[in-house]
Amino acid sequence: MRRAVCPGSFDPITNGHLDIIARASRLYDEVYVAVMINQSKKGLFEIEERIDLIRTVTAEYGNVRVEAFHGLLVDFCKQRDIPAIVKGLRAVSDFDYELQMAQMNNGLSGVETLFVPTNPTYSFLSSSLVKEVAAWGGDVSHLVPAEVLTALTERLGED
């Protein structure tokens, strides 16, 4: 069984993330979406909420598993026999950081990192940008799945 992982904070998952996950799901038998737990940062959505949203929007793929992780990504990979990390690259600036991470991960455990160029439609997209635009009342309906838009609208309406 060919396995890969798509890691991130996914706060919230965007259409850009979903595009990378969908493409990975066509290349691998099983794709894990590893939702990073960073206790030093307060996210807009709790980890379980993010996991539920990702499970909902990836359900149609059939070969995507969603789990939280804390610690080193290579340990997550080792525990699940995952030899490959799939990362989307939006711009050259992403590559500089991601190359260092890929080299470190490979040096630590032999896990390979595969870089997938982002669909140009989503080359500017980030969760942070979506949250900022949505918080100011901007239309992000074309940037996130419908279920995420609903959750985002509800969450931001609570403030």
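Residues numbered from 1 in each chain as written. Predicted model: local features only at pLDDT ≥ 70, side-chain atom pairs only at ≥ 80, totals over all residues. Heavy atoms only, no water.

Digging into the environment of Ile20
Mapping Ile20 onto the fold places it in helix α1 (residues 15-27). In this structure Ile20 touches Cys6, Val86, Gly88, Val116, Pro117 and Thr118, once residues within four positions along its chain are discounted. (Helix = DSSP H or I, 4+ residues; strand = E, 2+ residues; numbered from the N terminus. Contact = heavy atoms within 4.5 Å.)

Some thoughts on the packing of aromatic side chains
By the definition in use, this model includes three aromatic pairs. Between Phe69 and Phe76, the aromatic rings sit 5.7 Å apart at their centres with planes inclined by 55°, giving tilted as the arrangement. Among the residues examined, Phe69 registers a relative accessible area of 9% and is labelled buried. Between Phe95 and Phe115, the ring centres sit 5.7 Å apart and the planes meet at 70°, which makes this aromatic pair edge-to-face. Separated by 20 residues along the polypeptide, Phe95 in helix α4 (residues 92-109) and Phe115 in strand β5 (residues 112-117) bring together distant segments of the chain. Of the residues examined, Phe95 reaches a relative accessible area of 33% and is grouped as partly exposed. Following the ring pairs from residue to residue traces out a cluster consisting of Tyr32, Phe69 and Phe76. A cation over an aromatic ring shows up here: Arg80 above the ring of Phe76, its NZ or CZ 3.7 Å from the ring centre. (Phe/Tyr/Trp six-rings, centres within 6.5 Å; stacked < 30°, edge-to-face > 60°. Buried < 20%, exposed > 50% of the residue type's maximum accessible area, 1.4 Å probe, protein only. Lys NZ or Arg CZ within 6 Å of the ring centre and 35° of its normal.)

Some points on the packing of helix α2 (residues 47-58) against helix α6 (residues 146-157)
Look at α2 against α6: their axes get within 9 Å of each other, and the N-to-C directions meet at 155°. Compared by their axis directions, α2 and α6 come out roughly antiparallel. Residue-level contacts link Glu49, Leu53, Thr56 and Val57 of α2 to Glu147, Val148, Ala151 and Arg155 of α6. Classifying every residue of the contact of α2 with α6 gives four nonpolar, one polar and three charged. (Axes fitted to C-alpha atoms, helices over the stretch in contact; angles between N-to-C directions. Parallel < 35°, antiparallel > 145°, perpendicular 65-115°, else oblique. Nonpolar A, V, L, I, M, F, W, Y, C, P; charged D, E, K, R; others polar.)

With respect to the pairing of strand β2 (residues 30-36)
Looking down a regular strand, the side chains alternate between one sheet face and the other. Within β2, six of the seven residues are buried, which leaves it mostly tucked inside the rest of the structure. Here strand β1 (residues 3-8) pairs with β2 via six bridges, running parallel. Within β2, the residue paired with Gly8 across the bridge is Val35. In this view, the connection linking β1 to its parallel neighbour β2 by way of α1 has right-handed handedness. (Pairing = 2+ DSSP bridges. Right-handed = clockwise from strand over helix to strand, strands pointing away.)

A few points about the side chain of Thr118
With respect to the helices and strands, the residue Thr118 is situated in the loop between β5 and α5 (127-135). For Thr118, the side chain forms a polar contact with the main-chain oxygen of Leu89, separated by 2.9 Å. Setting aside residues no more than four positions away along its own chain, Thr118 makes contact with Ile20, Arg23, Gly88, Leu89, Arg90 and Ser123. (Polar contact = N/O pair within 3.5 Å; in protein donor to acceptor, adjacent residues only side chain to side chain.)

A word on the UniProt feature "site: Transition state stabilizer" (unreviewed entry) in the chain
Sites flagged by UniProt as "site: Transition state stabilizer" (unreviewed entry) map to His17. Summarising the element assignment, His17 is placed in helix α1. Apart from the residues within four sequence positions on either side, His17 is in contact with Phe10, Pro12 and Ser127. Here Thr14 takes part through its backbone nitrogen, which lies 3.0 Å from a polar atom of the side chain of His17. (UniProt positions renumbered as here; feature names shortened; annotations may be inferred.)

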